[in-house]
Amino acid sequence: MMSVRIYGDPVLRKTASQVEVFDEKLGKFVDEMTETMLEADGVGLAANQVGMARQVAVIDTTGGEQPPLVLINPVITAKSEEIVESDEGCLSLPGITLPVKRPAQVSVEAVDQYGKPFSIRDASGLLARALQHEIDHLNGILFVDHVSALQRTMVSGKLKKLAKTGSVNG
Ligand code: NI
């Protein structure tokens, strides 16, 4: 299992670079990320979170029932006007859950770990949220960046503790 970087680690704020080589090493990296996500009970994991600012993310909305969705170089190509609010958390911000407003539906274009392009049309629900959350990570954006100033003030103590000690209880 890879170690997951915690809020305050500068790699979480980096813009991930494009993947250009689709080799065995990439496949192994994707497998390790998937394993780490599943062991941590996460819905998604972006490469920045394991210390590599590369455009790689994995998503599992099935609790490990189905193979993960592997997204390399993903881009959001369409967003719905409809906005929905739902609680979000992140493996890099343990102990923090906040309601986040996001477009209800998104379409995404990406390639898989073999370099084969695919698109996801009008994803909704948890998948839409996970896609936006993970693609944000690849752009150095965290879910706490989307919450209201008031909510952010309310968790500022926890964020400071996280950055300092790696835990909200520290
Ligand atoms: Ni996250």
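Residues numbered from 1 in each chain as written. Predicted model: local features only at pLDDT ≥ 70, side-chain atom pairs only at ≥ 80, totals over all residues. Heavy atoms only, no water.

Sheet architecture is open: five strands sit in the order β1-β2-β3-β6-β7, paired in antiparallel fashion. With one partner strand each, in any of the chains shown, β1 (44-46) and β7 (117-123) form the two edges of the open sheet. Strand after strand, the sheet turns through a mean of 35 degrees between neighbouring axes, direction not considered. Relative to the sheet, helix α1 (residues 24-39) contacts β1, β2 (56-59) and β3 (69-79), its axis offset from that of β2 by approximately 40 degrees. Here helix α2 (residues 125-138) sits on the sheet in contact with β1, β2, β3, β6 (106-111) and β7, set at roughly 155 degrees to β2. (Pairing = 2+ DSSP bridges. Helix = DSSP H or I, 4+ residues; strand = E, 2+ residues; numbered from the N terminus. Axes fitted to C-alpha atoms, helices over the stretch in contact; angles between N-to-C directions. Contact = heavy atoms within 4.5 Å.)

With that settled, the discussion passes to the coordination of the nickel ion. Distances from the nickel ion to its protein donors, Cys-90 (SG), His-133 (NE2) and His-137 (NE2), fall at 2.1 to 2.3 Å. Sequence spacing of the donor residues for the nickel ion, all on one chain, is C-x42-H-x3-H. Taken together, the residues Cys-90 in the loop between β4 (83-88) and β5 (98-103) and His-137 in helix α2 connect sequence positions 47 residues apart. Each member of the pair, Cys-90 as well as His-137, carries the same accessibility label: buried. (Donors = N, O, S within 2.8 Å, 3.2 Å for Na, K, Ca; no water. Buried < 20%, exposed > 50% of the residue type's maximum accessible area, 1.4 Å probe, protein only.)

This part is about the pattern of salt bridges. Under the definition given, this model contains seven salt bridges. Here Lys-28 makes a salt bridge to Glu-32, at a shortest N to O gap of 3.8 Å. Of this pair, Lys-28 and Glu-32 both sit in helix α1, four residues apart, which is roughly one turn of the helix. For Glu-32, a relative accessible area of 32% gives the class partly exposed. (Salt bridge = Lys/Arg side-chain N within 4 Å of Asp/Glu carboxyl O.)

Right, let's get into the side chain of Ser-92. Relative to the helices and strands, Ser-92 is located in the loop between β4 and β5. With a relative accessible area of 0%, Ser-92 lands in the buried category. Polar side-chain contacts of Ser-92 include one of 3.0 Å to the side chain of Gln-49. (Polar contact = N/O pair within 3.5 Å; in protein donor to acceptor, adjacent residues only side chain to side chain.)

The next point concerns α2. Between its terminal C-alpha atoms α2 stretches 21 Å, which fits the 20 Å expected from 14 residues at 1.5 Å a residue. For α2, a buried count of 11 out of 14 residues is recorded, marking the element as mostly surrounded by other parts of the structure. Burial in α2 covers these residues: Ala-128, Arg-129, Ala-130, Leu-131, Gln-132, His-133, Glu-134, Ile-135, Asp-136, His-137 and Leu-138. A positive backbone phi angle near 75 degrees is found at Gly-140, which sits one or two residues after α2. (Expected span 1.5 Å × (residues − 1).)

Moving on: the pairing of β2. Residues of β2 alternate between two faces, with Val-56 and Val-58 on one and Ala-57 and Ile-59 on the opposite face, all of them buried. Two elements, β1 and β2, share three bridges in a ladder whose sense is antiparallel. Note on β2: the bridge partner recorded for Gly-44 is Ile-59. Summarising the sheet, β2 and β3 pair through four bridges and their orientation is antiparallel. Bridging from a neighbouring strand, Val-58 pairs with Val-70 of β3.

Below, the discussion takes up the pairing of β3. Within a regular strand, the side chains alternate between the two sheet faces. Summarising the sheet, β3 and β6 pair through five bridges and their orientation is antiparallel. From the neighbouring strand, Ile-76 faces β6, where its bridge partner is Val-108.

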